[in-house]
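Residue-level structural notes
Listed here are the chains, written in short residue letters.
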Protein chains: 2
Amino acid sequence: MTSHAIPPVALSHDVKLDRLGEIAVKVGLGLAPGQELVMTAPFDALPLVRRITEHAYRAGASLVTTLFADEETTLARYRFAPDGAFDVASGWLYDGMASAFKAGAARLAIAGENPSLLAGQDPDRVSRANRARSKAYMPALELIAGFATNWTIVSYASPSWARAMFPDDPEDIAVARLWHAIFAASRVDGPDPVAAWTEHNAELQRRTALLNASRFAALHFRGPGTDLTVGLADDHEWNGGSTTAGNGLVCNANIPTEEVFTTPHKFRVDGRVRSTKPLSYNGTLIEDIAVKFEAGAIVDAQARTGQDVLLKVLETDEGSRRLGEVALVPFSSPISQSGLLFYNTLYDENAASHIALGQSYSKCIQNGVSRPKDELVTRGANDSLIHIDWMIGSGEVDVDGLRADGSAEPLMRKGDWVS
Amino acid sequence: MTSHAIPPVALSHDVKLDRLGEIAVKVGLGLAPGQELVMTAPFDALPLVRRITEHAYRAGASLVTTLFADEETTLARYRFAPDGAFDVASGWLYDGMASAFKAGAARLAIAGENPSLLAGQDPDRVSRANRARSKAYMPALELIAGFATNWTIVSYASPSWARAMFPDDPEDIAVARLWHAIFAASRVDGPDPVAAWTEHNAELQRRTALLNASRFAALHFRGPGTDLTVGLADDHEWNGGSTTAGNGLVCNANIPTEEVFTTPHKFRVDGRVRSTKPLSYNGTLIEDIAVKFEAGAIVDAQARTGQDVLLKVLETDEGSRRLGEVALVPFSSPISQSGLLFYNTLYDENAASHIALGQSYSKCIQNGVSRPKDELVTRGANDSLIHIDWMIGSGEVDVDGLRADGSAEPLMRKGDWVS
Ligand SMILES: [Zn+2]
Ligand SMILES: [Zn+2]
Ligand SMILES: [Zn+2]
Ligand SMILES: [Zn+2]
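Given the structure is predicted, the values throughout are model-derived calculations rather than measurements.

1. Section: the interface of chain A and chain B
Between chain A and chain B, the residue contacts involve 36 residues of the former and 36 residues of the latter. Approximately 3100 Å² of surface area, both sides summed, lies buried where chain A meets chain B, with 75% of it carried by carbon and sulfur atoms. Where chain A meets chain B, there are two salt bridges. Close ionic contact of B:Arg50 with A:Asp70 constitutes a salt bridge, the shortest N to O distance being 2.7 Å. For the side of chain A that touches chain B, the elements supplying multiple residues, two or more each, are strand S1 (36–42), helix H2 (46–58), strand S2 (63–69), helix H3 (71–80) and helix H4 (91–102) of chain A. In terms of residue class, the side of chain A that touches chain B is built from 20 nonpolar, nine polar and seven charged.

This is the structure we're talking about:
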C-alpha cells in the first residue's frame, strides 16, 4: 500500500513578494474601487512598490503615487547642509498628503529604513530635524491617527536594515533571513493568506471584546526593573487587528500586528519601568531605557545608548513625557518567538507588550473619532507631536488588570495570556 | 629639443556627472543659501540626484526633496486600472509643489523619460490623463512659466531613453553615447564649465539684444512644406540664456539651451508649416506634422504617426491650437551638429528653430511678469493648459524678420544666422 501525499511546494520569492503586495492592498488597506493611493517607500523597495501598485490598480485604484526616500540624500544633508537647515521640513508635501487623505486617498507606508542611519550625527540636529518634521506632519498624522481614511504599514527587507539585524552574515544571506521573517510574520507563506488574516483578526477581536467587557481602571506591570501602574483613560476602548476607518473601509493598519492596545490616562501613570528591547528612533538606537513616572509624567529618564536623543525627545512638548498608548502582546507571539531583534517598531512592538510616549489614538476612546477633542482630553487622552512605542514586555513580565475597587485580575504571567 | 606638452586628461564619468550636478545647482538654478529645492527625477536618475543634492546642500540649501517617477508603475496604470481612472491626477501633490514655490523653493527637473513609453496605449486614455495632469499642474506651471522662482531642467541618460535613440547598439553603448552627447551639450567636459556657461549666456544675450532692438512685427519661415508668417506679440521681448527670476535669482531654465525665443501674436499666424523632427509628447511619438494656420489658429493638422494624439491635444482648450512661443536656433548649433535625434524636447528644441502650441511665457512680453494678465492677452499672448514645442527649422529653412512697413530683413539662411 502506498500513500500519495502531495508534497508542500515551496513558494518562490517573487510569489511571496506578490502575495505581500496583495495582502497590503486587500487586508492592509481594504482599498475601495476609485480610491487614490499615496504610498511612501524606501528607494530600495521598488520591487514591492510595483507589486502593490499592480494590486491597487487591479482593485480599482484611480491613481497610485509613491514618494521614495533615498537614505544617501538624507545623510547628505547632515554632511553638507548649513546648520540652519535642520529646522526646516517639507510642510508643502505633508500638507499635500493631508489634502489627499481628506479627499479620500488611502495611505500606505513601506517600512525598511536603516535603523541606525543617523548614528553618529549631531543629536541636536537630529532632534531639531525630527521636531520640524513632526510639526509639519501633524495635520496629516492627525488624519491618520484618527483613521479618517484607511491606511497600512508593511515592510521591505532593504539591505541596510538586514545588515543591521544580521551583522555577521553576508548581505545576501542577511536579506534572505529578513525576508523569511517578514513573509512569516505577514502571513503570506501559508496556503491562503487572506483567510489566515481573517482568522487572526477574529482572534484579536475576541481578545479586545474580553478586555472591553472588563473595564479595568489600570494595568499593573511587574518584572526586572519594572513596577508600573498604567491608569486607563475613562471610556477607554481596546483595539486590535482590523479597524473600520472613518470612510467606512476596513483596514489593518499594521502588517504584521499582534497587539491589543488602548489609551492610558495621561495623569495616572506611576512607578518605574525598564525597556526590554532597543528602540530605533529615526535612525538612533536607544537601548536600556529606565524611567520613572509620577502622576503620568516621566520625572527621570536614563538610557545606556541614545540617552541624549531620548532626553531631547522628552522635551518636544507638553505631551511628550506622558503616555498615549499601552499595548499587550503575548511573549509566545510568532514575532517574539522568532527571537529576532528587528530594530523596527512595526516588528518589535508586535513582539512585546509596550507603551508609547505622546499622541493617543482617538479610536481608543469609546466613539472617540466622532467626539470633540476636549472630551477626549478630559477623559485622559494625551496630545503630542510624537508617538513613540517602546517595549516593556518579556518572558519575565507579569501583567494584572486592576479594577476600580482595587482588586486585581491576572492577565499575563511570564509574558503570556493567563486565559 | 623636446617639447613637454601636457596631454589632455580624459575626465571620468563620475567627474562629469558631478560637474553636471554642480552646473545644475550653480548655473541652472543659481540656488541661494537657505532655499529649499524641489526636484523631480526618473527613478533611474538616482546617481545624478545624489550629486545635485550634495551640491545643493553645499550651496546652502535647507532641504532637498526629490519626487521620483518609475516608468513601470506609470505603465501599470494603463494595464490594470479601471477606465475611470484616467481623469484623475495628483492635484494634492502639484498644489503642494505650487505652495513650495510660493514659499521660495527652487525647482529642478531631471529629464530622461522613455520617449515612447506610452506607445501602444489607448490614445484616448493618454489624452485624458495628460489633460487631467495639465489641469492639476496649472497653478504650479503658472509660477514656473512666470519665473516666480528660479528653476532648471537638466537631463539623465536613462537606459530606456538611450535605447530609443540608439536602437541598434547594445544598451551600455547606447547609454555611453547618450552621456557623451549630454555632457557635451551641457558644457561640462571643458576645462571650466562655469566659465563656459558665462560666455555662452553672454553670446545669447547679445543676440536677444539685437532682436529686441529690431522690433520686428513678424517672422517669415520658408522651407520644404513651410511658408509661415508668425506675427509677434505687441511689446514682445526676446529671451535667451539666463533669466532673472521674480525672486531676484539668476537661473538657466534649460541645460542645455541654444535658443532665443519670444511670444507670437495669438491671432497673427498664417500659412503652412511642416515639422522637421519627430516630437515625443508624453510617451507618444508624433512624426511629420503638417498644419495650416489661419488668423493664429490651426485649421488643418496631419501627422504621419501619432496623429490621433496630436488631434486630441489640439482640442485641449481654446489656446491649444494657437502659438505661445517662437524660437530661433541656428542649424550649426552643437546639438544640431551632433546629428542625433533625442526624442526629447529639451534637446531637440535646442537643435532647431521651433514653435510651441499653447501657453506663452509672460517674461516674453516687456515687463510681462509684473503686468496684469489681461494686458498680456490684449498684446497677443496665448493661454492654454499645454505648452508643446515642435521643431520647424533645418538646414533648408530661411527666416526673415518682417517690419511693420512690410519690409524684410534676412535673419537666417539655410538655418544659420546671416550675421
Ligand atoms: Zn502599539
Ligand atoms: Zn503605537
Ligand atoms: Zn523653446
Ligand atoms: Zn517652449
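2. Brief notes about the domain arrangement of chain A
Residue and element names in this part refer to chain A. The assigned domain composition of chain A is domain 1 (13–185) and domain 2 (214–238 + 258–417). Placing a centre on the C-alpha atoms of domain 1 and another on those of domain 2 gives a separation of 24 Å. Between domain 1 and domain 2, roughly 2400 Å² of surface is buried when both sides are summed, and carbon and sulfur atoms account for 63% of that area. Here domain 1 and domain 2 share two salt bridges between them. In this structure, Lys312 and Asp124 form a salt bridge, with 3.7 Å as the shortest nitrogen-oxygen distance. Contributions of two or more residues to the side of domain 1 that touches domain 2 are made by helix H5 (123–145), strand S4 (151–155), helix H6 (159–165) and helix H7 (171–185). Here the element with the most residues in the side of domain 1 that touches domain 2 is H5; it accounts for 13 residues. For the side of domain 1 that touches domain 2, the class distribution of residues is 21 nonpolar, eight polar and six charged.

3. Notes on the coordination of the zinc ion (ligand 4)
Geometry sets the ideal angles at a metal, namely 109.5 degrees for four tetrahedral donors and 90 or 180 degrees for six octahedral donors. All names here are of chain B. Taken together, Glu325 (OE), His387 (NE2), Asp389 (OD) and Asp389 (OD) make up the protein donors of the zinc ion (ligand 4), found 2.0 to 2.5 Å from the metal. What the four donor atoms of the zinc ion (ligand 4) show is an angle range of 56 to 147° at the metal, which sorts the shape as irregular. All donor residues of the zinc ion (ligand 4) come from one chain, and their arrangement in sequence is E-x61-H-x1-D. Taken as a pair, the zinc ion (ligand 4) and the zinc ion (ligand 3) show a spacing of 3.3 Å, with Glu325 coordinating each metal. Owing to a relative accessible area of 22%, His387 belongs among the partly exposed residues under this scheme.

4. Considerations on the relation of the copies chain A and chain B
Two copies of one chain are present, and they are related through a rotation about an axis combined with an axial shift. Rotating chain A by 180° and translating it 0.0 Å along the rotation axis places it on chain B, where the RMSD comes to 0.0 Å. Between the two chains, the operation in question is that of a two-fold axis. Taking C-alpha positions as reference, the residue of chain A nearest the rotation axis is A:Gly96, located at 2.5 Å. A share of 100% of interface residues in chain A that are also interface residues in chain B marks the association as one of identical surfaces.

5. Concerning the pairing of S4(A)
All names here are of chain A. Across the five residues of S4, four count as buried, placing the element largely inside the fold. By the bridge criterion, five bridges tie strand S3 (residues 106–111) to S4 in an arrangement that is parallel. Among the inter-strand pairings, Leu108 is bridged to a residue of S4, identified as Thr152. Note that the unit made of S3, H5 and S4 has a crossover that is right-handed.

6. Let's talk about the packing of aromatic side chains
A complete count under the given rule lists 21 aromatic pairs over all chains for this structure. Between the aromatic rings of B:Phe43 and B:Phe68, the centroid separation amounts to 6.1 Å while the plane-to-plane angle is 65°, which identifies the pairing as edge-to-face. Here B:Phe43 is found in the loop between strand S1 (36–42) and helix H2 (46–58), whereas its partner B:Phe68 is found in strand S2 (residues 63–69), with 25 residues between them in sequence. Relative to B:Tyr361, the ring of B:Phe261 lies with its centre 6.1 Å away and its plane at 70°, an arrangement referred to as edge-to-face. Here B:Phe261 is found in strand S10 (residues 260–262), whereas its partner B:Tyr361 is found in the loop between strand S17 (354–358) and helix H12 (373–378), with 100 residues between them in sequence. An aromatic cluster is present here, built from A:Phe43, A:Phe68, B:Phe43 and B:Phe68 joined pairwise through their rings. Against the face of A:Phe86 rests A:Arg77, its NZ or CZ located 5.2 Å from the ring centre. Sitting over the face of the ring of A:Trp197, A:Arg187 holds its NZ or CZ atom 5.6 Å from the ring centroid.

7. Focus: the packing of helix H1 (residues 13–29) of chain A against helix H8 (residues 193–214) of chain A
Angle between the axes and distance between the axes: these two values describe a pair of packed helices. Residues and elements named next belong to chain A. Contact geometry for H1 and H8: axes closest at 10 Å, N-to-C directions at 45°. Between H1 and H8, the crossing angle belongs to the class labelled oblique. At the point where H1 passes H8, the crossing takes the right-handed sense. Between H1 and H8, the contacting residues are Arg19, Ile23 and Val27 on the first element and Pro193, Val194 and Trp197 on the second. Partitioned by chemical class, the residues of the contact of H1 with H8 number five nonpolar, no polar and one charged.

8. What about the coordination of the zinc ion (ligand 2)?
All names here are of chain A. Around the zinc ion (ligand 2), the protein contributes the donor atoms Glu325 (OE), His387 (NE2), Asp389 (OD) and Asp389 (OD), at 2.0 to 2.6 Å from the metal centre. Read in sequence order, the donor residues for the zinc ion (ligand 2) give the motif E-x61-H-x1-D. Between the two metal centres, the zinc ion (ligand 2) and the zinc ion (ligand 1), the spacing is 3.3 Å, with Glu325 acting as a shared donor. With Glu325 in strand S16 (residues 323–328) and His387 in strand S18 (residues 387–391), this pair connects stretches of sequence that are 62 residues apart.

9. A look at the nonpolar core
Ranked by internal contacts, the top residues of the largest apolar core, which has 123 residues, are A:Ile52, A:Ile110, B:Ile52 and B:Ile110. With near-sequence residues (within four places) excluded, A:Ile52 lies in contact with A:Gly21, A:Ala24, A:Val25, A:Leu37, A:Met39, A:Leu108, A:Ile110 and A:Val154. Grouped together as the second largest cluster of nonpolar side chains are 44 residues, A:Ala132, B:Met97, B:Ala105 and B:Ala245 included.

10. Points about H1(A)
All names here are of chain A. With 17 residues, H1 should cover 24 Å at 1.5 Å per step; its first-to-last C-alpha distance of 23 Å lies within 8% of that length. Considering bend angle alone, the principal kink of H1 is centred on Ile23 and spans about 30°. Three or more residues of H1 are buried, namely Lys16, Leu17, Arg19, Leu20, Gly21, Ile23, Ala24, Val25, Val27, Gly28 and Leu29. Positive phi appears at Gly30, one or two residues downstream of H1, with a value of about 55°.

Definitions and limits used
- Residues numbered from 1 in each chain as written.
- Chains lettered and ligands numbered in written order.
- Predicted model: local features only at pLDDT ≥ 70, side-chain atom pairs only at ≥ 80, totals over all residues.
- Heavy atoms only, no water.
- Contact = heavy atoms within 4.5 Å.
- Buried area = accessible area lost by both parts, 1.4 Å probe.
- Salt bridge = Lys/Arg side-chain N within 4 Å of Asp/Glu carboxyl O.
- Helix = DSSP H or I, 4+ residues; strand = E, 2+ residues; numbered from the N terminus.
- Nonpolar A, V, L, I, M, F, W, Y, C, P; charged D, E, K, R; others polar.
- Domains from an automatic or database assignment.
- Donors = N, O, S within 2.8 Å, 3.2 Å for Na, K, Ca; no water.
- Tetrahedral: all angles 85-135°; square planar, octahedral: opposite > 155°, others 65-115°.
- Buried < 20%, exposed > 50% of the residue type's maximum accessible area, 1.4 Å probe, protein only.
- Least-squares fit on C-alpha atoms with pLDDT ≥ 70 in both.
- Pairing = 2+ DSSP bridges.
- Right-handed = clockwise from strand over helix to strand, strands pointing away.
- Phe/Tyr/Trp six-rings, centres within 6.5 Å; stacked < 30°, edge-to-face > 60°.
- Lys NZ or Arg CZ within 6 Å of the ring centre and 35° of its normal.
- Axes fitted to C-alpha atoms, helices over the stretch in contact; angles between N-to-C directions.
- Parallel < 35°, antiparallel > 145°, perpendicular 65-115°, else oblique.
- Left-handed = near helix turned anticlockwise from the far one by under 90°.
- Core = buried A, V, L, I, M, F, W, Y, C linked by side-chain atoms within 4.5 Å.
- Expected span 1.5 Å × (residues − 1).
- Bend = angle between axes of the 7 residues up to and from the residue.

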